[in-house]
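Chain and residue survey
Residues per chain, in single letters:
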Amino acid sequence: AKALGRGRHSTFHSTMRLQAQQRISLEEALGNAVQNGEIKPFLQPIFRLDDKTLTGFEALVRWQHPQLGLLMPAAFLEQAEDSGLIQEIDMCVFASACAVIASWQQIHGLGNLRLSSNLSARSLADPRVKVHIKEILESTAINPASVYLEITETTFVDDIESTTATINALRDLGLRLAIDDFGTGYSSLLYLKRFPVGVLKIDRSFVSGLGKNPEDEVIATTILTLAKALELEVVAEGVENEAQMKRMRELGCDYGQGYWFGHPITIEATDVAFIEPLRQ
Ligand code: C2E
Ligand code: CA
Ligand code: CA
Ligand code: CA
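Residues numbered from 1 in each chain as written. Chains lettered and ligands numbered in written order. Predicted model: local features only at pLDDT ≥ 70, side-chain atom pairs only at ≥ 80, totals over all residues. Heavy atoms only, no water.

Under an unreviewed UniProt entry, the name given to the chain is GGDEF domain-containing protein, and the source organism is Cyanobium usitatum str. Tous.

Given below as structure tokens:
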């Protein structure tokens, strides 16, 4: 029994050691991934619900790892946050997405095509980020009024000075904020008045229960009422079927995003599927 116990013990420890090693090597590789051009935005379309026209795209990070293949954010974002690489990744995604959206804005009729890009709380707290964003706006010549930065409510919980400074600088650049996963975080609603919020994104968890779960109906309706009163636009996230799309439209939601409209795909595939048909 003693030998068995010791055996288990050492297996347990070698598994932990292996996991720790994998974590370290992933973190090391992540450090070079930006320089190596392995970090890329995928784009997911966002549509107006009333007339089904294309409004713009959300940029979602992917890591094209040379050995492991295409990695989703869940595989590396936590390490990126812990190691302080998230700011660099956020800026890399934003720069690439801005460049392509700016080029599409040159197409007749697409001057207001929107870009929504995610910023982690760490990026928002980093004083260098506002400088970087200004440079990206200038070098890509994207229309700033068409750019939304997605942040979560949790970002406002510790209302630190550097975060407020970044947000004010972004406002001065003409950018607006979208509150991601709205309704899932803990925060006062005061920030909706104090900061340049233009969009609320209703979290997928509420959209998936529409038509089935009365509580989700109430939550969605309440968010839409609040948004209307504050003159904010609303995007329904995670719309996976026609019933959810129709219900959100009935409730007066402005925009929809989700697998029913389109999955996140590469820039090249987005051009073929969504932009090419609009070229004249
Ligand atoms: P998010 O910002 O809430 O993005 C929406 C997530 O839901 C995306 O997952 C998207 O692929 C997925 N999704 C979209 N439509 C549907 C649907 O109809 N059904 C379902 N089940 N899922 C749908 P993804 O790309 O894996 O991203 C996960 C999270 O990683 C994002 O959640 C965001 O919090 C974070 N993230 C992604 N890109 C970036 C980035 O560039 N910077 C930062 N800081 N975070 C990012
Ligand atoms: Ca988002
Ligand atoms: Ca979201
Ligand atoms: Ca989310």
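A few points about the packing of aromatic side chains
Short version of the rule: Two rings belonging to Phe, Tyr or Trp (six-membered ring only in the last case) form a pair when the distance between their centres is within 6.5 Å. Interplanar angles under 30 degrees mark stacking, angles over 60 mark edge-to-face geometry, and anything in between is tilted. Secondary structure elements are taken from DSSP: a helix is a run of H or I of four residues or more, a strand is a run of E of two residues or more, and numbering for both begins at the N terminus. For the exposure calls, accessible area comes from a 1.4 Å probe over protein chains only, and a residue counts as buried if that area is under 20% of its type's maximum, exposed if over 50%, partly exposed in between.
If you walk through the whole model with that rule in mind, you get eight aromatic pairs. Measuring from ring centre to ring centre gives 5.3 Å for Phe-47 and Phe-261, while their planes differ by 20°; the resulting arrangement is stacked. Residue Phe-47 is found in strand 1 (residues 39–48), and its partner Phe-261 is found in the loop between strand 9 (255–256) and helix 11 (267–275); the two are separated by 214 residues along the sequence. Each member of the pair Phe-47 and Phe-261 is classed as buried. Measuring from ring centre to ring centre gives 5.7 Å for Phe-57 and Trp-104, while their planes differ by 55°; the resulting arrangement is tilted. In this pair, Phe-57 is assigned in strand 2 (residues 54–65) and Trp-104 in helix 3 (residues 86–105), connecting sequence segments 47 residues apart. You can call Phe-57 buried: its relative accessible area is 1%.

Re the pattern of salt bridges
Oppositely charged side chains can pair when the atoms bearing their charge come close. Defined as follows: Salt bridges, as used here, are contacts in which a Lys or Arg side-chain nitrogen is within 4 Å of a carboxyl oxygen on Asp or Glu.
Scanning the model with the defined rule gives 13 salt bridges in all. Close ionic contact of Glu-58 with Lys-201 constitutes a salt bridge, the shortest N to O distance being 2.9 Å. You can see Glu-58 sitting in strand 2 and its partner Lys-201 sitting in strand 7 (residues 197–202), a full 143 residues away along the chain. In this structure Lys-201 comes out as buried when scored by relative accessible area, which is 1%. The salt bridge involving Lys-246 is made with Glu-242; its shortest N-O contact spans 3.6 Å. Taken together, the residues span about one helical turn, with Lys-246 and Glu-242 both in helix 10 (residues 242–250) at a distance of four residues. Residue classification places Lys-246 among the partly exposed residues on the basis of a relative accessible area of 37%. Put simply, Arg-48, Asp-50 and Asp-51 are held in one network by salt bridges that share partners.

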